[in-house]
Amino acid sequence: YLVLDPAGRAITTWRPSVARAEGGSMNFLTPARGSDSQGRLYVEAPPPPAGDGTFSTADTAPIIRIDRRTNRSDTLAWVRVLGLKSTVRDGQVTAVSGGGNPLTPRDEWAVFPDGRIAIARHAPYRIDFVSPDGQLRRGAQIAFTPQPITQADKDEEEERRRRERHDPDREQ
């Protein structure tokens, strides 16, 4: 991350690091999904590493809050994802790739300025809230009628992905 002063001038760079249970830390380049009014960053972390030179696959990922001032992090919740895979070299996650069908349901989340997190759960369909201190409040299940994915839906998604891969103006 590039850290700017109030005038918008670059003053330093910063790379998030998350403490590992077995000691040490793990750097990762996952982009922040949000921040709160205290400047803490919220990321959906890659799956935990299994060991050097190995792949780790997970269908859930932690939402981690990182406080840049104290360089501390904490896991606030877990969300279902599309089967992320990570590769580890020399104790560091070196690659993360998304897997699975892009039309497969997954959880989505957002952070509020006060540090609360709203998680839209896909099964059961509901909105959960996590308070800044990690307390979970499950929302009521929301009734809905599932809509089948048609061949036209699949074709449209494939075309969208093809355009993204070949768009020279797309942000990397």
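Because the structure is predicted, anything quoted here is derived from the model rather than measured. (Residues numbered from 1 in each chain as written. Predicted model: local features only at pLDDT ≥ 70, side-chain atom pairs only at ≥ 80, totals over all residues. Heavy atoms only, no water.)

> Can you tell me about the environment of F129, naming the residues and giving the values?
Take F129: it is sitting in strand β12 (residues 125-130). According to the relative accessible area criterion, F129 is partly exposed, its value standing at 22%. With ten residues separating them along the chain, F129 and G139 place their C-alpha atoms 7.4 Å apart. (Helix = DSSP H or I, 4+ residues; strand = E, 2+ residues; numbered from the N terminus. Buried < 20%, exposed > 50% of the residue type's maximum accessible area, 1.4 Å probe, protein only.)

> Got a sec to walk through the sheet that holds strand β11 (residues 117-122)? Specific residues and values, please.
Either a parallel or an antiparallel arrangement is found when strands of a sheet pair, and the pairing is made through backbone hydrogen bonds. Spatially, four strands are ordered β10-β11-β12-β13 in an open sheet, and the strand pairing comes out antiparallel. Of all strands in the sheet, those with a lone pairing partner are β10 (108-111) and β13 (136-137), marking the two edges. Two strands pair when backbone bridges link them, and β11 and β12 are joined in this way by six bridges, in the antiparallel orientation. By the bridge assignment for β12, I119 is matched with D128. (Pairing = 2+ DSSP bridges.)

> I'd like a rundown of the side chain of D67, residues and numbers included.
Residue position: D67 is located in strand β7 (residues 55-67). Judged by its relative accessible area of 16%, D67 falls in the buried class. When neighbours within four sequence positions are excluded, D67 is seen to be in contact with R40 and R72. (Contact = heavy atoms within 4.5 Å.)

> Account for the nonpolar core, with residues named and values stated.
Grouped together as the largest cluster of nonpolar side chains are twelve residues: Y42, A61, I63, L76, A77, V79, V81, W109, V111, I117, I119 and V130. Listed by contribution, the elements that provide at least two residues to this core are β7, β8 (72-89), β10 and β11. Grouped together as the second largest cluster of nonpolar side chains are seven residues, L41, V43, A45 and I66 included. (Core = buried A, V, L, I, M, F, W, Y, C linked by side-chain atoms within 4.5 Å.)

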